[in-house]
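Breakdown of the fold
Here is what each chain is made of, one letter per residue.
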Amino acid sequence: MSTLKDRLRTDLTTAMKARDAVRSSTLRMVLTAITNAEVAGKEQRELSDDDVIGVLSTESKKRREAAVAFEDGGRSEMAAKERAEAEVIADYLPQQLTPAEIAGIVTAAVEQTGAAGEGMKGMGRVMGVVQPQVKGRADGAAVAAEVRRQLGS
């Protein structure tokens with residue numbers, strides 16, 4: 001069983017005992033998303049820690065997008081709730097990469113694949129090299145934007 005999933009369950013119990021409503025509801029939601037991912041597809045499977053991090057990343061992105069949407073709609077209290085949930089999820093994600101670290105990884109990948117002179121045609125190859133290195137540690141849109149910036153120039 002995934003150690004991260006065990007940690008989530010233990011922390012849920014602790015949050016429930018402490019009557020921390022935001023943390024307990026967020027952890028319940030995350031554990032439900034993990035269970036849904038485990039039973040999706042043709043047969044049930046146990047998720048590895050990397051798979052759990054993928055689910056957490058997806059849930060974190062949903063919270064960030066929802067917070068922006070609520071803020072745009074003038075619902076600041078709901079936006080604050082979504083941000084609070086994103087902060088709880090962030091506690092379980094690996095340390096996020098800085099823009100400079102992302103740029104360094106992308107530069108190395110461009111050199112490795114030899115895609116520097118190809119322009120946007122080489123984006124797929126570069127992303128294929130970069131994605132495994134940044135999985136769970138950087139937003140895919142930020143990585144893609146950096147790849148476009150480097151290949152476009």
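Note: the structure precedes this text.
An account of the accompanying structure is given in this report.

Procedures and definitions
The numbers attached to residues start from 1 for each chain and follow its sequence in the written order. Only residues with pLDDT of at least 70 get local features here, since the model is predicted, and only at 80 or more are side-chain atom pairs given and counted; chain-wide, interface and lining totals rely on the full set of residues. Only hydrogens and water are set aside; all other atoms, that is, all heavy atoms of the structure, feed into the side-chain values. Strands are runs of DSSP state E lasting at least two residues, helices are runs of H or I lasting at least four, and both sets are numbered from the N terminus onward. Only protein chains enter the accessibility calculation, which uses a 1.4 Å probe. A residue is then buried if its area is under 20% of the maximum for its type, exposed if over 50%, and partly exposed in between. When checking whether two residues touch, look at their non-hydrogen atoms; a contact exists if any pair is within 4.5 Å. Residue burial considers only the protein chains on display, and all accessible areas are found by Shrake-Rupley using a 1.4 Å probe. Charged residues are defined narrowly, with Lys and Arg counted positive, Asp and Glu counted negative, and His plus the chain ends left uncounted. To locate a charge, the coordinates of NZ of Lys, CZ of Arg, CG of Asp or CD of Glu are taken. Throughout, an axis means a line fitted to C-alpha atoms (over the contacting stretch in the case of helices), and angles, computed between N-to-C directions, take values from 0 to 180 degrees. Oblique is the label for any angle not under 35 degrees, not over 145, and not in the 65 to 115 range, which are roughly parallel, roughly antiparallel and roughly perpendicular in turn. Left-handed describes a crossing in which the near helix is turned anticlockwise from the far one by less than a right angle; the clockwise case is right-handed. For this analysis, a salt bridge means a side-chain nitrogen from Lys or Arg found within 4 Å of a carboxyl oxygen belonging to Asp or Glu. One less than the number of residues in a helix, times 1.5 Å, gives the span that helix is expected to have. Taken from the helix axis, the directions to the C-beta atoms give the arc we talk about.

So, about the overall build of the chain. Along the chain, the regular secondary structure elements total seven helices and zero strands. Mapped in sequence order, the helices and strands of the chain form the string α-α-α-α-α-α-α. Split into buried and exposed, the 153 residues of the chain put 36% on the buried side. In the chain, the proportion of contacts linking residues at least 24 apart, taken out of those at least 6 apart, comes to 59%. As displayed, the chain has an accessible area near 8,900 Å², and 54% of this comes from carbon and sulfur atoms. Across the chain, the centroid of the 22 positively charged side chains sits 3 Å from that of the 23 negatively charged ones.

A few words on the packing of helix α3 (residues 49-72) against helix α4 (residues 76-90). Interhelical geometry of α3 versus α4 gives an angle of 160° and a closest axis separation of 8 Å. By the angle between their axes, α3 is roughly antiparallel relative to α4. As for how α3 packs across α4, the hand of that crossing is left-handed. Between α3, through Leu56, Glu59, Ser60, Arg63, Ala66, Ala67, Phe70 and Glu71, and α4, the contact on the second element is made entirely by Ser76, Met78, Ala79, Glu82, Arg83, Glu85, Ala86 and Ile89.

Checked against the element boundaries, Thr113 lands in helix α5 (residues 99-113). According to the relative accessible area criterion, Thr113 is buried, its value standing at 18%.

This paragraph deals with the pattern of salt bridges. One pass over the structure, following the stated rule, counts 15 salt bridges. Salt-bridge contacts for Lys5 lead to Glu46; the nearest nitrogen and oxygen are separated by 4.0 Å. Here Glu46 lies in the loop between α2 (21-39) and α3 and Lys5 lies in helix α1 (residues 3-17), a separation of 41 residues in the sequence. Residue class for Lys5 comes out buried when judged on its relative accessible area of 3%. By relative accessible area, which is 45% here, Glu46 ends up partly exposed.

Another point: the packing of α5 against helix α7 (residues 140-152). Taken N-terminus to C-terminus, the directions of α5 and α7 make an angle of 50°; their axes are 10 Å apart at the nearest point. The orientation of α5 relative to α7 falls into the category oblique. Considering only the axes of α5 and α7, their crossing is right-handed. Across from Ile102, Ala103, Val106, Thr107 and Val110 in α5, the residues of α7 making contact are Val143, Glu146, Val147, Gln150 and Leu151.

Over its 15 residues, α1 runs 21 Å from end to end, which matches the ideal 21 Å to within 8%, given 1.5 Å per residue. Along α1, the positions that sit buried rather than exposed are Leu4, Lys5, Leu8, Leu12 and Ala15. Down the axis, α1 shows its buried residues gathered within 100° of arc, on one side only. Looking at α1, the residues exposed on the side facing more than 90 degrees away from the buried face are Thr3 and Lys17. The inward-facing, buried residues of α1 abut α2 and α3. Trailing α1 by a residue or two, Arg19 shows a phi angle of about 60°, which is positive.

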